[in-house]
Structures are given as C-alpha cells and as structure tokens.
Amino acid sequence: MKIGFISDTHGSLSAWRLAYPYLADSDLILHCGDVLYHGPRNPLPEGYDPQGLVAELNALATPMVIVRGNCDADIDQMLLDYPLESPYAHIFTPKTAILAHHGHNEPALKKMFPRYQLVVSGHTHLPGIRKESSIIYLNPGSPSLPKNDPRIPTIALMDGELLTLLDIQTGQSLETMNL
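Analysis parameters
Residues numbered from 1 in each chain as written. Predicted model: local features only at pLDDT ≥ 70, side-chain atom pairs only at ≥ 80, totals over all residues. Heavy atoms only, no water. Buried < 20%, exposed > 50% of the residue type's maximum accessible area, 1.4 Å probe, protein only. Helix = DSSP H or I, 4+ residues; strand = E, 2+ residues; numbered from the N terminus. Pairing = 2+ DSSP bridges. Right-handed = clockwise from strand over helix to strand, strands pointing away. Contact = heavy atoms within 4.5 Å. Axes fitted to C-alpha atoms, helices over the stretch in contact; angles between N-to-C directions.

Enquirer: I tried to follow the pairing of strand 3 (residues 64–67) on my own but got confused; where do I start?
Expert: Both faces of the sheet carry side chains from a regular strand, because those side chains alternate between them. Side chains Met64 and Ile66 of strand 3 all project onto a buried face; the interleaved residues Val65 and Val67 project onto the opposite face, where all are buried too. Of the strand pairs in this sheet, strand 3 and strand 4 (residues 84–85) are connected by two bridges, and their pairing is parallel. Across the sheet, residue valine 67 finds its bridge partner in strand 4, namely glutamate 85. Note on the crossover from strand 3 through helix 3 (residues 74–79) to strand 4: the handedness is right-handed.

This is how it looks when you write it as structure tokens:
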C-alpha cells in the first residue's frame, strides 16, 4: 500500500500542485492539517488560493483523510468534501497501525502512541523521521511554508514498508526509514 503524507498547505494552490505529482499514484493521501488558511502568525504563502485548492482537493480521485489543524475552521469543512477529523485519525493497513494528528495538542495524545507503529503529525513545518522504542514518528514538513534550514518544501511517502521524506522541488529523497 502506498500512502502520501502532506501537511500545512495553508491555502497554497501552487504548493499543492508541486506536491501532487508525487502523491498522485498513492492509494491514500493523509493530510495532517492546516489545509486552507495561512494563519495569523504565518505570511501569505506563494500561490495562496484557498478556493482553488478546495476545488482541486474535492476533485481528487484518490481517497484522502484530513486531520484538523490549529488553523482549520468550521468554514473550511463547509467547503471541503472530506471530513476534518479531529483531533486525530486512525489508519490501519494490513501491516501498520497509523495515528495521525496535527501536532499542536501532542501532550494530550502521547498516552495513545504505544498502540501504533507510526505516528504522523505536522504543525512545526519541520520534516523528519525518527524512531523511539518501537514507534516511528513522521512529520512530512510543509510544501508551502517550510521552516527547515534550508527552506525545502517537503512531503512524505510510505511505499510498502519504506518511509521517504521528499524534496518536492527536486524529487530528491532527503531521508528514509524502514517500518
């Protein structure tokens, strides 16, 4: 099973269009929140067009799960054809139990983490894969407002048992880990 992970698009249609070719052949796209609004602490991202982004997300043939982020609002749900899961979503593949959340309420969720092999969050805009004990933690970063250094727009892919963080400008793999 192939799952595409994206987070923190913040209404950027151009960032979505840069990321989508890497996500297009996924069996499922998991969005970890902050879909449409840029948020009061963030600048307007390049290509800010929440209505255009909604139109493209609603037209997807690929199933998508979206976890509500701290910048997502009730009005977003009125526009999106996908439910904004809150505060987390559970995804079960034949081999992997995945807990997805945005990341801004992580302390309240930590007691649930040991029940999953993969915990996915966004919020920080900092991509990374790390393993602690038997749990892998994944943050796909942000395609629209990256905060890593250098500022590289990223997503992540799970293809079978391989997790990959991807630079969506170059297609280069930045980090990989086996589940």
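That was the structure; now back to the text.
Enquirer: Mind showing me how you'd approach the sheet that holds strand 1 (residues 2–6) here?
Expert: Each strand in a sheet pairs with another by means of backbone hydrogen bonds, the pair being arranged parallel or else antiparallel. On the basis of which strands lie adjacent, the open sheet formed by seven strands has the order 4-3-2-1-10-11-12 and mixed pairing. Looking at strand neighbours, the two that pair on one side only are strand 4 and strand 12 (173–178), the edges of this open sheet. Summarising the sheet, strand 11 (residues 162–167) and strand 12 pair through five bridges and their orientation is antiparallel. For leucine 166, the partnering residue across the bridge sits in strand 12 and is serine 173. Helix-sheet contacts for helix 1 (residues 13–23) involve strand 1, strand 2 (28–31), strand 10 (154–159) and strand 11, and the interaxial angle to strand 1 is about 165 degrees.

Enquirer: Quick question: what am I supposed to make of the sheet that holds strand 9 (residues 135–139) here?
Expert: Here we have five strands laid out as an open sheet, ordered 5-6-7-9-8, and mixed in their pairing. Unpaired on one side and paired on the other, strand 5 (88–92) and strand 8 (128–132) mark the two borders of the sheet. Taking each pair of neighbouring strands and ignoring which way they run, the sheet shows an average axis angle of 20 degrees. Sheet topology places strand 6 (residues 97–101) next to strand 7 (residues 118–120); three bridges connect them, and they run parallel. From the neighbouring strand, isoleucine 98 faces strand 7, where its bridge partner is leucine 118.

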